Amino acid sequence: MSFKSQFGYILDLLDISGTEFASTVDVDRTLISKWKNNARPLKARSQYFEPVIKAFIDYNLKRNDTILERFFREIYPNIDRNEPDYLNTCLHKWLIGDDLGYFHSFSDWRSSSEALYTTNIEIFQGNKGKRDALVTFFNYAFELPAGQEIFISDSEKNDWLIEDPDFYQYYYKQIDELAKFGHNITIIYKDSDFHKRVSNFDYYKISKYFTGRVTAYKANNDPHMSPSLYIIHRHMLMLSINAEPQIDNRYISLYRDPFSISQMVKMFASRLKRATPMISTYTSHGTSLKGFTENLIGALEKSDSSYFISSYPPFSTIPEEILKGILSEQTMTDQQTYELMQMHKVNQSLFNKENTTTFDQIISRERLLEALKTGRTRLDDISAIIKKDVYISKDQMLEHLCSLAQRTKKDDHFNITVASFDDIPKLNISMLWLVEDQMMYSFPLNGANHFVVSESKIIIDEVILFVHDLLMLNEEAESLCDYLEKCK
């Protein structure tokens with residue numbers, strides 16, 4: 001059953017017919033129908049609003065099963081249940097609100113004499129059943145307004161995922177798209193399965209963290225990780241349990257009622273308390289950015305090697321005179337210019353640790369080719385920092401690249417590689433720092449306001465493998481000097 005109004009939901013919840021309720025509040029039955037179907041919404045200013053609330057409270061009292069109290073206890077947990085007008089307050093809030101979306105299309109949870117409540121659920125079976133249930137889950141999430149809280153804690157072996165290559169791609173793309181859509185996602189990974197699950201750059205979702213909307217935790221061998229949970233807070237719950245080894249012993253259920261969702265949110269929160277954060281997300285400006293830079297410098301001083309991946313060399317590596325020339329051609333305030341030059345001075349120390357830290361930078365062949373073909377190129381890092389487009393000319397870009405190539409010839413600890421990012425397109429709009437055995441940092445260049453820091457050994461180890469593959473297995477990888485020789 002699908003409900004079209006807040007009023008109609010309570011009417012059905014109390015099991016009252018339209019004709020009966022029309023007689024109770026002394027209105028025509030057609031008006032009840034219009035209220036129920038939302039053809040003529042019941043407004044707080046209506047002369048019938050208070051009589052409707054009184055009638056609902058009276059019906060609830062006659063039922064003698066406290067169904068409204070139990071319902072609103074879950075919907076409005078912050079309203080004091082001991083206040084004398086508790087139901088009156090809740091019904092006012094419910095009837096003039098838009099909470100119906102939280103329970104849309106789930107029909108009935110009326111109490112029997114023994115059960116707390118009953119509800120309709122959808123049951124799926126086997127690996128394909130879990131995939132089908134997740135399609136329903138994802139589709140429903142996209143129907144809701146942006147800003148929903150989504151919780152994921154999947155403790156099962158991932159045979160249901162990897163046996164269908166198309167669904168494997170679909171699953172991670174959907175999580176990515178949910179973050180872009182504006183939902184906030186919290187994921188708890190089961191520790192024992194993490195190395196099996198984390199197999200490449202896209203899989204461990206660093207690219208998704210760039211939105212600032214995904215937070216990851218490691219379960220630390222938590223024995224209480226069953227069942228698997230997929231939750232859209234206050235909207236939908238998916239439970240999945242697998243009795244190994246038979247795949248057909250996997251059963252999945254979808255719930256839309258507030259009681260079930262609320263209870264499983266509590267279970268997820270309990271797991272979260274025992275988990276360890278794998279990443280932290282910070283804003284990319286102000287004191288947060290200053291603290292990020294200071295931590296990075298400290299990590300570099302302790303490390304023997306570091307890697308930096310970006311579409312172009314960062315603005316901190318641009319020689320000061322070239323940068324002044326670039327900024328003089330932009331429409332910028334004196335304050336913006338001053339702040340950028342100060343940041344450039346501080347950040348240059350990240351790239352000037354001669355003879356102490358081996359620094360390997362990898363930049364995008366595709367973006368360089370594009371930059372050297374066009375008259376001017378947007379400097380993504382500067383533009384993201386000051387929230388204003390800043391451009392570099394082709395000649396200035398070449399001058400910058402040549403200065404870096406000269407440095408690589410003089411300094412054995414400073415290396416720049418040009419590699420193809422075709423297979424990992426998100427690298428073309430991102431920056432990623434890896435300070436080996438210390439920390440991993442990433443920073444988005446696509447206008448987002450967040451960057452990510454991780455000290456998790458699991459993530460760092462996987463990023464190291466990824467970077468090594470990018471350097472060693474990339475057939476088009478070559479030194480910056482060799483690349484510029486071919487460009488002459």
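Refer to the preceding data block for the structure.
These numbers were taken from a predicted model, which means no experiment stands behind them.

A.B. asks: It is not clear to me how the pairing of strand β7 (residues 250-255) should be interpreted in this structure. Could you clarify?
C.D. replies: Counting buried residues along β7, five of its six residues qualify, which places the element largely inside the surrounding structure. Of the pairings in the sheet, the one linking strand β1 (residues 122-125) to β7 comprises four bridges and is antiparallel in character. Paired with Q125 across the two strands is Y251, which belongs to β7. In this sheet, β7 lies alongside strand β6 (residues 236-242) in antiparallel orientation, the contact comprising six bridges. The residue bridging L237 from the neighbouring strand is Y255, located in β7.

A.B. asks: Would you explain the packing of helix α14 (residues 320-328) against helix α15 (residues 334-347) in this entry?
C.D. replies: The angle between the axes and the distance between the axes are what describe a pair of packed helices. Look at α14 against α15: their axes get within 11 Å of each other, and the N-to-C directions meet at 160°. Regarding the angle of α14 to α15, the classification is roughly antiparallel. The hand of the α14/α15 crossing is right-handed. Within the contact between the two elements, α14 uses E320, L323, K324 and L327 and α15 uses T337, L340, M341 and H344. When grouped by side-chain class, the residues that make up the contact of α14 with α15 number four nonpolar, two polar and two charged.

A.B. asks: Looking at this model, I keep getting lost on the side chain of T408. Mind explaining?
C.D. replies: If you trace the backbone, T408 turns up in helix α18 (residues 394-410). You can call T408 buried: its relative accessible area is 16%. Once residues lying within four places of it in the same chain are set aside, the contact partners of T408 are F414, N415, I416 and C481.

A.B. asks: Help me understand unusual backbone geometry in this model?
C.D. replies: For residues besides glycine, phi is generally negative; the peptide bonds are generally trans as well. Here D15, not a glycine, exhibits a phi torsion of approximately 60°, which is positive. Relative to the helices and strands, D15 resides in the loop between α1 (6-13) and α2 (18-25). Positive phi, normally seen in glycine, also occurs at N38, with a value near 65°. With respect to the secondary-structure elements, N38 resides in the loop between α3 (29-37) and α4 (49-63).

A.B. asks: How should I be thinking about a nonpolar patch on the surface in this particular structure?
C.D. replies: Side chains of I121, I123 and Y251 sit close together on the surface and give an oily, nonpolar patch of about 290 Å² of accessible area. Inspection of the secondary structure assignment puts Y251 in strand β7. Since its relative accessible area comes to 42%, Y251 is described here as partly exposed.

A.B. asks: Honestly, the environment of L432 in this entry has me stumped. Any pointers?
C.D. replies: One can find L432 in strand β15 (residues 430-435). Residue L432 is classed as buried on the basis of its relative accessible area of 1%. In sequence terms L432 and F308 are 124 residues apart; their C-alpha atoms lie 5.7 Å from each other.

A.B. asks: Whenever I open this one, the environment of R365 confuses me. Can you help?
C.D. replies: Its place among the elements puts R365 in helix α16 (residues 365-373). Along the backbone, R365 and F421 are 56 residues apart, and their C-alpha atoms lie at a distance of 7.1 Å. Not counting residues within four places of it along the chain, the set of residues in contact with R365 comprises V418, A419, S420, E476, E478 and Y483. Polar side-chain contacts of R365 include one of 2.8 Å to the side chain of E478.

A.B. asks: What should I look at first to understand the state of the cysteines in this one?
C.D. replies: Disulfide: a covalent bond formed between the sulfur atoms of two cysteine residues. Following the criterion strictly, the structure yields zero disulfides and no others. For the unlinked cysteine C402, the closest cysteine sulfur is that of C481, found at 9.2 Å. For C402, a relative accessible area of 38% gives the class partly exposed. A residue is classified by how much of its surface remains accessible, and C481, at 18% relative accessible area, is buried.

A.B. asks: What's the story with the packing of aromatic side chains in this structure? I'm lost.
C.D. replies: This model, assessed by the stated rule, comprises 21 aromatic pairs. Centre to centre, the rings of Y9 and W94 are 5.5 Å apart; their planes meet at 55°, and the pair counts as tilted. Taken together, the residues Y9 in helix α1 and W94 in helix α6 (residues 86-96) connect sequence positions 85 residues apart. With relative accessibility at 2%, the residue Y9 sits in the buried group. Each ring, one from F359 and one from F414, has its centre 5.3 Å from the other, and the planes form 20°; the classification is stacked. Of this pair, F359 sits in strand β11 (residues 358-364) while F414 sits in strand β14 (residues 414-419), and the two are 55 residues apart along the sequence. Pair check on accessibility: F359 and F414 agree, each one buried. Members of the aromatic cluster, each reached through a chain of ring pairs, are F137, F138, W160, F167, Y168, Y170, Y171, Y172 and Y230. Lying across the ring of Y59, K62 places its NZ or CZ 5.5 Å from the centre. When the ring centre of F414 is taken as reference, the NZ or CZ atom of R407 above it lies at 3.9 Å.

A.B. asks: Sorry if this is basic, but what is going on with the sheet that holds strand β5 (residues 228-232) here?
C.D. replies: Backbone-to-backbone hydrogen bonds join strands into a sheet, with any given pair of strands oriented parallel or antiparallel. Pairing within the open sheet is mixed, and its eight strands lie in the order β1-β7-β6-β5-β2-β3-β4-β8. Since the sheet does not close on itself, it has two edges, and those belong to β1 and β8 (276-277), each with one partner. Bridge count between strand β3 (residues 184-189) and strand β4 (residues 214-218): five bridges; the pairing is parallel. Note on β4: the bridge partner recorded for T186 is T215. Lying on the sheet, helix α7 (residues 126-143) is in contact with β1, β2 (149-154), β5, β6 and β7; it crosses β7 at an angle near 20°.

Conventions we followed
Residues numbered from 1 in each chain as written. Predicted model: local features only at pLDDT ≥ 70, side-chain atom pairs only at ≥ 80, totals over all residues. Heavy atoms only, no water. Buried < 20%, exposed > 50% of the residue type's maximum accessible area, 1.4 Å probe, protein only. Helix = DSSP H or I, 4+ residues; strand = E, 2+ residues; numbered from the N terminus. Pairing = 2+ DSSP bridges. Axes fitted to C-alpha atoms, helices over the stretch in contact; angles between N-to-C directions. Parallel < 35°, antiparallel > 145°, perpendicular 65-115°, else oblique. Left-handed = near helix turned anticlockwise from the far one by under 90°. Contact = heavy atoms within 4.5 Å. Nonpolar A, V, L, I, M, F, W, Y, C, P; charged D, E, K, R; others polar. Patch = residues over 30% accessible without salt bridge, like charges linked within 9 Å, V, L, I, M, F, W, Y side chains within 5 Å. Areas by Shrake-Rupley, 256 points an atom, 1.4 Å probe, with all protein chains shown as cover. Salt bridge = Lys/Arg side-chain N within 4 Å of Asp/Glu carboxyl O. Polar contact = N/O pair within 3.5 Å; in protein donor to acceptor, adjacent residues only side chain to side chain. Disulfide = S-S within 2.5 Å. Phe/Tyr/Trp six-rings, centres within 6.5 Å; stacked < 30°, edge-to-face > 60°. Lys NZ or Arg CZ within 6 Å of the ring centre and 35° of its normal.

Any functional reading would require information that these geometric values do not contain.
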